[in-house]
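Given next are the chains, with one letter for each unit.
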Amino acid sequence: MSSATKIPANEHGINSREIDKKARTILNSLTDAGYEAYLVGGAVRDLLLGIIPKDFDIATNATPEQIKQVLPSTRIIGRRFRLAHVHFGREYFEVATFRAPHNNSDSGLVGQHGRIIHDNVYGTLEEDAYRRDFTVNALFYDLKNAEVVDFVGGVSDLKKLQLRMIGDPEVRYREDPVRMLRAIRFASKLGLKIEKETEAPIRELASLLGNIAPARLFDESLKLFHSGQAIKILEALREYQLFQYLFPEAETSLAEDIDKDGNEGSYTQLVYAALENTDRRIRADMPVTPAFLFAVMLWKRVSEGFKMYKELGNPALQSMHSAASDAFSEQVKCISVPRRFSNMTREIWTLQGLFSFKNERRVLRLLDHKRFRASYDFMCLRAQCGELPMSECNWWTLIQEVDLKEKKAMCHAASSSKHSRKPRRRSKN
Ligand code: ATP
Ligand code: MG
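Given the structure is predicted, the values throughout are model-derived calculations rather than measurements.

**Student:** Provide a residue-level description of the state of the cysteines, including the pertinent values.
**Tutor:** A disulfide bridge is the covalent bond that connects two cysteines by way of their sulfur atoms. Following the criterion strictly, the structure yields one disulfide and no others. Put simply, C380 and C393 are joined by a disulfide, and their sulfur atoms are 2.4 Å apart. Measuring the twist about the S-S bond at about 100°, one finds the C380-C393 disulfide to be right-handed. In this pair, C380 is assigned in helix α20 (residues 372-384) and C393 in helix α21 (residues 390-401), connecting sequence segments 13 residues apart. Note on C385: no disulfide assigned, nearest cysteine sulfur contributed by C380 at a separation of 11 Å.

Shown next, in the form of structure tokens:
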């Protein structure tokens with residue numbers, strides 16, 4: 001009763017050689033052993049769009065144990081969703097057994113060890129297509145026959161550059177509200193238009209994101225903001241009223257940062273400049289850190305908190321610590337931030353207070369600090385947006401480029417200039 005459309009090579013245009021060689025080995029090994037095996041999901045979608053896929057996932061009717069029999073380098077992982085990772089040294093490919101959609105399975109069925117197995121009920125190829133989110137993500141590629149197998153009209157949606165939810169969009173968003181974020185991500189990243197019915201319920205259901213585990217939203221936020229399309233994504237998230245469930249403080253700061261003539265203030269400029277910078281780094285294959293994203297998104301809240309604690313008479317360092325703790329304790333209600341990143345964010349903020357000191361010892365120490373680079377980048381963004389004079393960024397750019405003797409001369413010149421701020425000295429008496 002399968003209703004799949006099979007699209008031959010001369011129509012889909014995928015060249016099998018574009019599929020990673022090791023993924024082809026896995027597909028061939030499984031089919032040679034008598035199982036069905038397909039390339040699936042994002043890889044097929046990206047190949048059809050002429051994009052190089054970032055990973056090659058495989059779906060099969062073999063169980064994880066059977067996969068391991070065919071491919072001994074398999075490691076079976078996961079408890080709720082049992083998945084096979086087929087290893088080639090440190091590199092691995094995810095091979096998943098066809099799964100049935102949630103509502104077709106015996107929900108609440110308890111396994112041998114008391115484990116709820118309703119999420120792990122194996123299904124047919126067709127069922128595996130229908131449990132996926134968008135039609136363009138539910139395509140299978142059959143390597144042996146060089147055919148794309150399509151149950152849901154994904155190929156025609158891709159031709160129309162359209163992102164369409166499989167089934168009733170509202171039901172599917174309620175089942176898993178993260179699909180709203182995925183809709184924004186795929187649409188922005190792949191240049192697809194969200195189909196009308198898929199788009200319609202988003203604003204109304206946005207608040208369901210409030211029920212998603214903060215750890216999952218951390219992962220999703222990185223996928224969104226480290227996709228190379230962060231600006232487009234920010235704008236779409238705000239338009240669909242989703243952003244406030246990820247970064248409530250940043251949403252408030254952005255909404256307030258507009259004057260009566262509709263001009264955006266320096267915070268908005270900072271966010272845009274930072275995301276532009278992140279997009280550029282991603283496209284150039286340069287490393288990016290989540291710490292920077294949080295440093296930017298929470299900056300307005302933190303700098304206001306800092307000012308408040310200072311005005312109450314607290315020393316600068318302590319004021320920054322308190323402001324940072326306040327900002328993070330609110331943020332982690334939505335997105336949990338692993339400690340190593342929140343610590344890095346705090347350091348980026350704390351070091352902002354040190355760039356104005358130009359005495360030699362402090363300058364050399366700051367240049368040597370393990371967070372100097374990220375803090376310097378952040379300070380230059382602030383300068384670019386008018387929060388600081390551009391000359392501050394230029395001074396720190398130059399001092400990194402000159403030798404030690406010239407560094408010392410620069411510090412000397414800056415400290416003796418009446419414009420430079422000096423650390424307050426305690427009186428000796
Ligand atoms: P990317 O290129 O960003 O990795 P992807 O399509 O591969 O895109 P993944 O998150 O890696 O996305 O998921 C792989 C596949 O699993 C998807 O293509 C989709 O078919 C399915 N999938 C993932 N998350 C969901 C979800 N929340 N609901 C339904 N199906 C999902
Ligand atoms: Mg993927």
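**Student:** Any details on the packing of aromatic side chains? Residues and values, ideally.
**Tutor:** Taken as a whole and assessed by the stated rule, the structure comprises 19 aromatic pairs. Ring plane angle 90° and centroid distance 6.0 Å describe the contact between F292 and F378, whose orientation is recorded as edge-to-face. Of this pair, F292 sits in helix α15 (residues 290-297) while F378 sits in helix α20, placing them 86 residues apart in sequence. Note on accessibility: F292 and F378 belong to one class, buried. One aromatic cluster is present, formed by F218, F225, F243, F247, F294 and F341 through successive ring pairs. Its end group placed over the ring of W395, K358 keeps NZ or CZ at 4.9 Å from the ring centre. Between the NZ or CZ atom of R362 and the centre of the ring of F357, over which it lies, the distance is 4.1 Å.

**Student:** Residue-level account of the site of ligand 1, with values.
**Tutor:** Neighbouring ligand 1 are 15 residues, the closest being R45, K54, D176, R179 and R185. K54 places a polar side-chain atom, nitrogen or oxygen, 2.7 Å from an oxygen atom of ligand 1. R182 has a polar side-chain atom sitting 2.9 Å from an oxygen atom of ligand 1. When isolated, ligand 1 has an accessible area of 590 Å², and the protein chains bury 83% of it. With five residues, the top contributor of residues to the shell around ligand 1 is helix α8 (residues 178-190). In the shell around ligand 1, the residues fall into one nonpolar, three polar and eleven charged.

Calculation criteria
- Residues numbered from 1 in each chain as written.
- Chains lettered and ligands numbered in written order.
- Predicted model: local features only at pLDDT ≥ 70, side-chain atom pairs only at ≥ 80, totals over all residues.
- Heavy atoms only, no water.
- Disulfide = S-S within 2.5 Å.
- Helix = DSSP H or I, 4+ residues; strand = E, 2+ residues; numbered from the N terminus.
- Phe/Tyr/Trp six-rings, centres within 6.5 Å; stacked < 30°, edge-to-face > 60°.
- Buried < 20%, exposed > 50% of the residue type's maximum accessible area, 1.4 Å probe, protein only.
- Lys NZ or Arg CZ within 6 Å of the ring centre and 35° of its normal.
- Near = heavy atom within 4 Å.
- Polar contact = N/O pair within 3.5 Å; in protein donor to acceptor, adjacent residues only side chain to side chain.
- Areas by Shrake-Rupley, 256 points an atom, 1.4 Å probe, with all protein chains shown as cover.
- Nonpolar A, V, L, I, M, F, W, Y, C, P; charged D, E, K, R; others polar.

Scope: geometric values only; no functional claims are made or implied.
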